[in-house]
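Residues per chain are reported as follows:
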Amino acid sequence: MTKPEDEVVTLASELIAIDTTNPGTYGGPGPERAGAEYVAAKLAEVGCSVEYVESGARGRGNVIVRLNGADPARGALLVHGHLDVVAADPADWSVHPFSGEVRDGYVWGRGAVDMKGMLAMMLAVARHFKRTDVVPPRDLVFAFLADEEAGGVVGAQWLVEHRRDLFDGVTEAISEVGGFSVELGGRRAYLVETAEKGSMWLRLAARGTAGHGSLLHTDNPIAKLAAALDRLDRHRFPLILTDPVREFLAGSGLPFDPADPEATVAKLGHLSRLIEATLRDTATVTMVDAGYKSNVVPSIARATVDGRMLPGRDAAFRAELASVLGPGIEVEWDSLPAVQTSFDGDLVAAMAAAITAEDPGSRLLPYMLPAGTDAKSFARLGIRHFGFAPLQLPPSLDFTALFHGVDERVPVDALRFGSRVLDRLLRSC
């Protein structure tokens, strides 16, 4: 009988080969349909009852399967992941980003870590459970979702607003950006995401007086906006030590002084950039748009800023941002809230047992993700969320740099390990 680890690599490779690049716009057909149809066919092949839903726009495909558990009175567990990926330019890559090539012990391609590797693990375990008539302890809801890379507007957000019935009885969830291994204090640890910073996408504008570029100007909107962006780039928001970050640093095995957490973060190697971004709010300029001709001063200049706020910091972040930008800068925004849960309970214990059964002597540590996931949407349903996509990684691999990076890849052995861990977890959760 085929086990999850026997087919997970093939499933990951085939999923990566389906180009589901999210365009970030909603005017045309969505890219996820082909990936969703692949997943639906693989699940239907073993007898799963599959629900395919297009969420708010043509082609924005989602696939949901519920496996009934032994105790329907218990809260169900949602296991979710997104089908869409960010863009990739083949000219920059060692292999074609949509090849799914298996080479040198890795599966290569866009989505290998974000997050078609986890989708493959989910798919392999769900197929195995159905083939072998495994009855999990409680209901399991597997959800393969659209549009996460653009905030889930026509993905998880739409489903929460229009198809809540798909998640009836769900009390907890697991998904991406957690469960991967790191070496800390001479011992392997697996990070579990228990919190996410809030997201705020800011649209800035400065207005001024248009005119000929050869004349003197005292009301140039580009200059106004550039000065404000420079102030923002140089600004440091206050350091705030939240509970999940404190727990991570205290459990890291490194010397930790709560009065100087940055000293510990500096010793984390590849992890430093990830954890450093969870010590304070951030606001990063990502796009600038101004002018239309080399000899014309325009009447308006615009910029986009990616803001990320610690839990409970929304109002303070807005106030501090306005102060830094100064007068004359118009600000509009879209936002998603921070999410946070405690690192305890039966599900956490089951995760730890599943990991240590495959990797004796290891441990789990909570951490905060500075980015966002579909957990923000499901939190609206009162669902407690953990990032747990288990992977045992070589210590030399800069894993976090692979997210949205060139030559994204995941170790073959890590996928097989993760499928075994996920199988154990879902049998005991």
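All values derive from a computational prediction rather than experimental measurement.

Observations regarding the side chain of Asp 84
Here Asp 84 lies in the loop between strand 3 (76–82) and strand 4 (102–103). Buried within the structure, Asp 84 lacks any salt-bridge partner; its nearest side chain of opposite charge belongs to Arg 60, at an N-O separation of 5.3 Å. A distance of 3.2 Å separates a polar atom in the side chain of Asp 84 from the backbone nitrogen of Glu 148. Polar contacts involving the side chain of Asp 84 include one to the main-chain amide nitrogen of Glu 149, which spans 2.8 Å.

Quick word on the sheet that holds strand 19 (residues 409–411)
Read from one edge of the open sheet, 3 strands run 4-5-19, paired in antiparallel fashion. At either end of the open sheet lies a strand with only one pairing partner, and these are strand 4 and strand 19. Note: strand 4 against strand 5 (residues 106–108), 2 bridges, orientation antiparallel. Bridging from a neighbouring strand, Arg 103 pairs with Tyr 106 of strand 5. Where helix 1 (residues 4–16) meets the sheet, its contacts fall on strand 4 and strand 5, and the angle it forms with strand 5 comes to roughly 15°.

So, the pattern of salt bridges
Within the structure shown, the criterion is met by 35 salt bridges. Notably, a salt bridge pairs Glu 7 with Arg 127, separated by 2.9 Å at the nearest N-O pair. A residue pair is termed long-range when its members are at least 10 positions apart, and Glu 7 in helix 1 and Arg 127 in helix 3 (residues 116–131) qualify at 120 residues. Per residue, the accessibility class of Glu 7 equals that of Arg 127, and both read buried.

Points about the environment of Leu 364
Inspection of the secondary structure puts Leu 364 in strand 17 (residues 363–369). For Leu 364, a relative accessible area of 13% puts it in the buried group. Expressed as a C-alpha distance, the spacing of Leu 364 and Gly 251, which sit 113 residues apart in the sequence, is 9.3 Å.

Regarding the nonpolar core
One finds Phe 144, Phe 248, Leu 425 and Leu 426 to be the most contacted residues of the largest nonpolar core, which totals 93 residues. Tallying contributions element by element places helix 3 first for this core, with 10 residues. Once residues lying within four places of it in the same chain are set aside, the contact partners of Phe 248 are Leu 184, Leu 191, Leu 268, Leu 271, Ile 275, Leu 365, Pro 366 and Tyr 367. In this structure, Met 200, Leu 232, Val 305 and Leu 321 belong to the second largest nonpolar core, which totals 19 residues.

Details of the UniProt feature "domain: Peptidase M20 dimerisation" (unreviewed entry) in the chain
As annotated in UniProt, the feature "domain: Peptidase M20 dimerisation" (unreviewed entry) corresponds to residues 194–316 in the numbering used here. Helix makes up 28% of residues 194–316 and strand 29%. Its end C-alpha atoms lie 22 Å apart.

Describing helix 5 (residues 221–234)
In an α-helix, one full turn covers 3.6 residues, which means residues spaced three or four apart are oriented alike. Over its 14 residues, helix 5 runs 20 Å from end to end, which matches the ideal 20 Å to within 8%, given 1.5 Å per residue. By the burial criterion, the buried members of helix 5 are Pro 221, Leu 225, Ala 228, Leu 229 and Leu 232. Buried positions in helix 5, seen along its axis, are confined to an arc of 100° and lie on one side of it. Here the buried face of helix 5 lies against strand 10 (198–207), strand 12 (282–290), strand 13 (296–297), strand 14 (300–309), helix 9 (314–325) and strand 15 (329–336). Its side-chain oxygen placed 2.9 Å from the backbone nitrogen of Ile 222, Asn 220 serves as the N-cap of helix 5.

Remarks on the packing of aromatic side chains
Under the criterion given, the structure shown has 7 aromatic pairs. Relative to Phe 378, the ring of Phe 167 has its centre 5.1 Å away and its plane inclined at 70°; by these criteria the two rings are edge-to-face. Residue Phe 167 is located in the loop between helix 4 (156–162) and strand 7 (170–175), and its partner Phe 378 is located in helix 11 (residues 375–378); the two are separated by 211 residues in the primary sequence. Exposure class is identical for Phe 167 and Phe 378. Each is buried. Ring geometry for Phe 237 and Phe 317: centres 5.3 Å apart, planes at 25°, overall stacked. Of this pair, Phe 237 sits in the loop between helix 5 and helix 6 (243–250) while Phe 317 sits in helix 9, and the two are 80 residues apart along the sequence.

What to know about the sheet that holds strand 12
In spatial order, the strands read 12-14-10-15; together these 4 strands make up an open sheet with antiparallel pairing. Among the strands making up the open sheet, the edge pair consists of strand 12 and strand 15. The mean inter-strand angle of the sheet, taken between neighbouring strand axes irrespective of direction, is 20°. Sheet topology note: the strand 10/strand 14 ladder contains 10 bridges and is antiparallel. When the sheet's bridge partners are listed, Ala 205 is paired in strand 14 with Arg 302. Helix 5 rests against strand 10, strand 12, strand 14 and strand 15 of the sheet, and its axis sits at about 15° to strand 14.

As for the state of the cysteines
Think of a disulfide as a covalent bridge from one cysteine sulfur atom to another cysteine sulfur atom. Counted according to the given criterion, the structure contains 0 disulfides. For the unlinked cysteine Cys 48, the closest cysteine sulfur is that of Cys 429, found at 16 Å. A relative accessible area of 8% means that Cys 48 is categorised as buried.

Some points on helix 12 (residues 412–428)
Here helix 12 is 17 residues long and its end C-alpha atoms lie 25 Å apart, about the 24 Å a rise of 1.5 Å per residue gives. Turning to helix 12, its buried residues are Val 412, Ala 414, Leu 415, Phe 417, Gly 418, Ser 419, Val 421, Leu 422, Asp 423, Leu 425 and Leu 426.

Quick look at the packing of helix 3 against helix 12
In the contact formed by helix 3 and helix 12, the axes pass within 9 Å of each other and the chain directions differ by 50°. When the axis of helix 3 is compared with that of helix 12, the two are oblique. With respect to the hand of their crossing, helix 3 and helix 12 are arranged in right-handed fashion. Residues Gly 117, Met 118, Met 121, Met 122, Val 125, His 128 and Phe 129 of helix 3 lie in contact with helix 12, whose contacting residues are Leu 415, Gly 418, Ser 419, Leu 422, Asp 423, Leu 426 and Arg 427. Among the residues making up the contact of helix 3 with helix 12, the classes are represented as 8 nonpolar, 4 polar and 2 charged.

Cut-offs applied
The numbers attached to residues start from 1 for each chain and follow its sequence in the written order. Local features in this predicted model are restricted to residues whose pLDDT is 70 or higher, and side-chain atom pairs enter the listing and the counts only when it is 80 or higher, whereas totals over whole chains, interfaces and linings include all residues. Side-chain numbers come from the whole structure's heavy atoms, not from hydrogens or water. Helix numbers and strand numbers start at the N terminus; a helix is a DSSP run of H or I with at least 4 residues, a strand a run of E with at least 2. A simple rule labels every residue: compare its accessible area, found with a 1.4 Å probe on the protein chains alone, to the largest value its type can have, and call it buried under 20%, exposed over 50%, or partly exposed in between. Note on charges: Lys and Arg go in the positive column, Asp and Glu in the negative column, and His and the chain ends are not counted at all. A pair is scored as a salt bridge if a Lys or Arg side-chain nitrogen falls within 4 Å of a carboxyl oxygen belonging to Asp or Glu. Identification of polar contacts relies on pairs of N or O atoms within 3.5 Å, with a donor-acceptor requirement for protein atoms, meaning one able to donate a hydrogen and the other able to accept it, and with residues adjacent in sequence counted only if both atoms are side-chain atoms. The criterion for strand pairing is that DSSP finds at least two bridges linking the strands in question. Residues count as neighbours in contact if any of their non-hydrogen atoms are within 4.5 Å of one another. The convention used is that axes are lines fitted to C-alpha atoms, helices contributing only their stretch in contact, and that angles between N-to-C directions extend from 0 to 180 degrees. Residues enter a nonpolar core if they are buried and are Ala, Val, Leu, Ile, Met, Phe, Trp, Tyr or Cys, with the set joined through side-chain atoms within 4.5 Å. UniProt positions are given in the numbering used here, feature names are shortened, and annotations may be inferred rather than shown by experiment. What a helix is expected to span follows from its residue count: subtract one and scale by 1.5 Å. This arc corresponds to the set of directions leading from the helix axis out to the C-beta atoms. The criterion for an aromatic pair is that two Phe, Tyr or Trp rings (for Trp, the six-membered ring) have centres within 6.5 Å, with stacked assigned to planes under 30 degrees apart, edge-to-face to planes over 60 apart and tilted to the rest. Criterion for a disulfide: a pair of cysteine sulfur atoms within 2.5 Å. Angles below 35 degrees are treated as roughly parallel, those above 145 as roughly antiparallel, those between 65 and 115 as roughly perpendicular, and all remaining angles as oblique. Left-handed describes a crossing whose near helix is turned anticlockwise from the far helix by less than a right angle; the clockwise case is right-handed. Residue classes follow a fixed rule: Ala, Val, Leu, Ile, Met, Phe, Trp, Tyr, Cys and Pro count as nonpolar, while Asp, Glu, Lys and Arg count as charged, and any other residue, Gly among them, counts as polar.

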